[in-house]
Amino acid sequence: MSKLRFCKTQRKSLQTLKFPSKISEFLPFSSQSPPIETFEQPNEPESKKNSISVTHIVNLIQNLGKTQKLNESIRLFNKIETSERNTHLYNSLLGILFKSDRIDNAVVLFDEMLQPGCKFPPNGSTGSVIYAAILNSDRPGNGGGQILTDDQVIELVSSLGKNGVFPDKMVLTKIITMFCKSGKSNIAWELLHVLMKMNCPLEAASCNALLTRLGRDRNFKRMSLLLAEMKEMNMKPSVVTFGILVNYLCKSRKIDEAMQLLEKMSKNLEGIDVLPDAVMFNTVIDGLCKMGRHGEGLDLLKQMKLGHGCSPNNVTYNCLIDGFAKAGEIETSLKLFDEMGEEGVSPDVVTLNVLVDGMCKHERVGSALEFFSKMQDKGLKGNAVTYSVLISAFCNVNNIEKAMEIFDEMVRSCRVPDAIVYYSLINGLSRAGRLDDACFIKSKMQDIGFLLDRLGYNVLISGLLKKNKLDKAQEFLKEMIDAGIPPDEVTYNTIISGSCQSGDFSTARQVMKSMTEKGFAPTVVTYGALIHGYCKADKFDDAMKIFNDMGSNSKVPPNTEIYNMLIGSLCKTKDVESAVSLLDEMEGKGVIPNVITYNAVLKGLSERNRLDKAFDVMDKMAKQNCNPNYVTMEILARWLPQVGETERLKAFVKGYSSSV
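Each value, and the rule that gives it
Residues numbered from 1 in each chain as written. Predicted model: local features only at pLDDT ≥ 70, side-chain atom pairs only at ≥ 80, totals over all residues. Heavy atoms only, no water. Helix = DSSP H or I, 4+ residues; strand = E, 2+ residues; numbered from the N terminus. Buried < 20%, exposed > 50% of the residue type's maximum accessible area, 1.4 Å probe, protein only. Contact = heavy atoms within 4.5 Å. Areas by Shrake-Rupley, 256 points an atom, 1.4 Å probe, with all protein chains shown as cover. Patch = residues over 30% accessible without salt bridge, like charges linked within 9 Å, V, L, I, M, F, W, Y side chains within 5 Å. Salt bridge = Lys/Arg side-chain N within 4 Å of Asp/Glu carboxyl O. Lys, Arg positive; Asp, Glu negative; His and termini not counted. Charge placed at Lys NZ, Arg CZ, Asp CG, Glu CD. Expected span 1.5 Å × (residues − 1). Axes fitted to C-alpha atoms, helices over the stretch in contact; angles between N-to-C directions. Parallel < 35°, antiparallel > 145°, perpendicular 65-115°, else oblique. Left-handed = near helix turned anticlockwise from the far one by under 90°. Nonpolar A, V, L, I, M, F, W, Y, C, P; charged D, E, K, R; others polar. Phe/Tyr/Trp six-rings, centres within 6.5 Å; stacked < 30°, edge-to-face > 60°.

### Side note on the overall build of the protein
- Along its length, the protein carries 34 helices and zero strands.
- Put simply, the protein has 660 residues, and 47% of those count as buried.
- Long-range contacts, defined here as pairs at least 24 residues apart, represent 64% of the contacts in the protein between residues at least 6 apart.
- A total accessible area of about 32900 Å² is found for the protein, and carbon and sulfur atoms account for 51% of it.

### Some remarks on a positive patch on the surface
- On the surface, Lys181, Arg216, Arg218 and Lys251 cluster together into a positively charged patch.
- Note that Arg218 resides in the loop between α9 (204-216) and α10 (220-232).
- By relative accessible area, which is 46% here, Arg218 ends up partly exposed.

### Quick notes on helix α13 (residues 278-290)
- Taking 1.5 Å of rise per residue, 13 residues should cover 18 Å, and α13 covers 18 Å from first to last C-alpha, within 8% of that figure.
- Most of α13 is tucked away: 10 of the 13 residues are buried.
- Those residues of α13 that sit buried are Ala278, Met280, Phe281, Asn282, Thr283, Val284, Ile285, Gly287, Leu288 and Cys289.
- Two residues or fewer after α13 comes Gly292, characterised by a positive phi angle close to 80°.

### Here's the deal with the packing of helix α8 (residues 185-197) against α9
- Close contact between α8 and α9 brings their axes to 10 Å; oriented N to C, the two are set at 150°. Classified by the angle between their axes, α8 and α9 sit roughly antiparallel to one another. Crossing of α8 against α9: the hand is left-handed. Contact residues: α8 offers Ser185, Ala188, Trp189 and Leu192, while α9 offers Ser206, Cys207, Leu210, Arg213 and Leu214.
- Its residues assigned to classes, the contact of α8 with α9 comprises six nonpolar, two polar and one charged.

### A closer look at the packing of aromatic side chains
- Applying the stated criterion across every chain yields a total of 10 aromatic pairs.
- Measuring from centroid to centroid gives 4.3 Å for Tyr90 and Phe120, while their planes differ by 20°, and the two rings are stacked. Residue Tyr90 is located in helix α3 (residues 87-99), and its partner Phe120 is located in the loop between α4 (103-113) and α5 (124-135); the two are separated by 30 residues in the primary sequence. Of the two residues examined, Tyr90 and Phe120, each falls in the buried class.
- Through a chain of ring-to-ring contacts, three or more aromatic side chains come together here, namely Phe407, Tyr422 and Phe450.

### Focus: the pattern of salt bridges
- Scanning the entire structure with this criterion turns up 28 salt bridges.
- Put simply, Asp322 and Lys326 hold a salt bridge, and the shortest N to O gap is 2.8 Å. One end of the pair, Asp322, and the other, Lys326, are both in helix α15 (residues 314-326), four residues apart, so they sit about a helical turn from each other.
- Its salt-bridge partner being Arg610, residue Glu577 comes within 2.2 Å of it at the nearest N-O pair. Pair noted here: Glu577 is in helix α30 (residues 576-588) and Arg610 is in the loop between α31 (595-608) and α32 (611-623), with a separation of 33 residues, a long-range link.
- Classification of Glu577 by relative accessible area gives partly exposed; the value is 41%.
- With relative accessibility at 25%, the residue Arg610 sits in the partly exposed group.

### Digging into the environment of Ala393
- Among the secondary structure elements, Ala393 is positioned in helix α19 (residues 384-396).
- The buried category is assigned to Ala393, whose relative accessible area is 7%.
- Separated by 10 residues in the primary sequence, Ala393 and Ala403 place their C-alpha atoms 8.1 Å from one another.
- Residues contacting Ala393, with those up to four places away along its chain left out, are Cys360 and Val365.

So this is what it looks like as structure tokens:
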């Protein structure tokens with residue numbers, strides 16, 4: 001049998017397609033739509049005698065195929081003279097071959113139907129067989145059989161198209177959707193454009209399937225291109241197309257164009273006869289709220305109420321309530337919540353969560369708990385998210401007892417805590433220094449099947465190191481590694497910092513070496529931890545070695561905090577001249593001193609009574625608009641009047657809004 005001889009399709013290059021600079025270039029769409037065409041059925045004139053004999057053979061082949069006697073079917077087919085064969089015969093064997101996953105045999109057989117002057121060319125039934133095989137191409141082959149490759153699919157569709165056999169709207173949409181669901185939007189794109197080039201009658205549904213996937217992939221360039229092509233082909237967009245378009249505009253932050261499109265749809269402008277639905281309004285309202293334009297979102301809510309064939313639902317209100325709550329406008333959020341009830345829209349757990357979260361984030365934790373309790377009494381129960389938000393909020397205000405009460409209430413209400421709830425509690429307990437309780441919660445979490453993640457281990461290790469429990473921290477580090485969770489740079493930096501704080505520089509250096517061996521480059525945090533530890537232990541020479549290493553061997557430049565550590569240590573050792581030199585070095589390297597830097601230098605200068613240098617430092621503060629704080633004023637107010645420089649002090653503070 002001959003090998004596959006498909007002609008390579010000359011596909012349209014993406015570079016030649018015009019890319020619209022504005023979304024308005026492909027709006028509005030034409031209201032004309034090409035008629036739907038199904039498979040073409042070319043006539044096959046056959047002599048009555050041959051048709052009858054071949055029909056009997058076809059029946060035999062099909063019956064043999066049903067009984068899985070494929071080889072007998074092929075032998076029977078080969079016994080028929082080429083002059084007596086017809087398309088129906090080929091289609092029957094093609095169907096059996098494809099169903100049996102004999103793809104190579106099927107492709108070769110189909111190739112015979114494509115030869116020039118062939119008396120049995122592919123017809124609509126051939127298309128039905130092949131398109132059915134394509135729709136099965138994303139499943140594994142049976143019994144080690146073959147499946148169609150992506151390239152074979154493109155070639156099969158192209159070859160059918162050259163013979164005037166195109167998939168109908170439903171089949172094409174299913175094929176496009178199949179490729180998109182399996183993450184092969186590139187194949188779906190190529191397939192659709194092969195058919196476009198052949199003037200296949202297309203409808204919006206097939207394009208919608210691809211547009212949806214492109215939107216999920218945030219491939220906005222191809223979305224714009226396909227929408228422009230739809231307009232060029234006078235393809236009438238459906239309500240689904242407009243929904244995808246609105247969603248695309250909002251996700252690409254073209255919110256004003258989304259609002260313009262919504263207005264055109266609402267007023268039937270420019271030939272657009274598709275009315276917006278609630279989903280489109282909700283998408284635009286959500287986009288506005290996410291951009292901080294919740295006031296305009298509220299205006300759209302009013303438009304919906306005026307009558308556009310759709311009414312606001314709980315998604316509409318949730319978007320607005322969340323937008324106002326995030327902006328700190330809690331009272332407006334509560335008014336919208338009350339309005340929901342008046343409009344007959346039932347709040348759900350999302351409504352509850354966005355309000356509770358908004359209150360907690362704007363320091364109204366008590367109000368959040370009160371609102372939550374009130375909603376529970378009305379039958380609106382919270383979920384793991386609600387409890388997690390409240391537990392985190394009370395931990396953040398250091399009310400650990402209340403956080404534990406809420407956790408216990410959650411368990412009593414038969415709501416199983418999830419990993420986020422456990423992490424929130426572990427985090428809060430660790431930051432509050434209640435490491436025993438945090439470790440107990442960790443054990444309880446693991447007992448019911450939740451594994452602590454890297455973030456959770458980092459929090460516990462950090463808390464243990466702050467309590468100088470280095471052995472326990474190292475135990476957790478080993479447990480973390482044994483659980484298959486590799487440490488990250490936060491883990492390493494946390495241990496280095498804790499080791500330095502406790503004066504265990506040997507461990508700190510060992511961990512830093514392990515960190516670099518694992519491919520993590522030391523960061524400014526790593527160097528800062530070492531320098532701070534050495535300065536705290538009065539090992540200034542070692543601190544300067546690390547500092548100099550940053551400047552020579554490392555690509556990590558020192559920041560203001562590191563300079564502050566060194567300058568503070570120099571001033572404590574009475575080496576004020578070196579401290580002033582470092583201050584000058586900061587300016588030369590573009591590192592901006594802050595009020596802590598200046599306070600350290602001024603304190604050191606005051607102890608050495610170096611007025612000339614102090615005046616220079618004060619001038620630098622003024623030049624850099626670095627406002628003094630109460631520490632600055634305390635240093636200068638105690639020193640300058642004693643040496644007769646009260647006027648200089650007054651001149652310095654004039655014009656400052658000092659935070660005394």
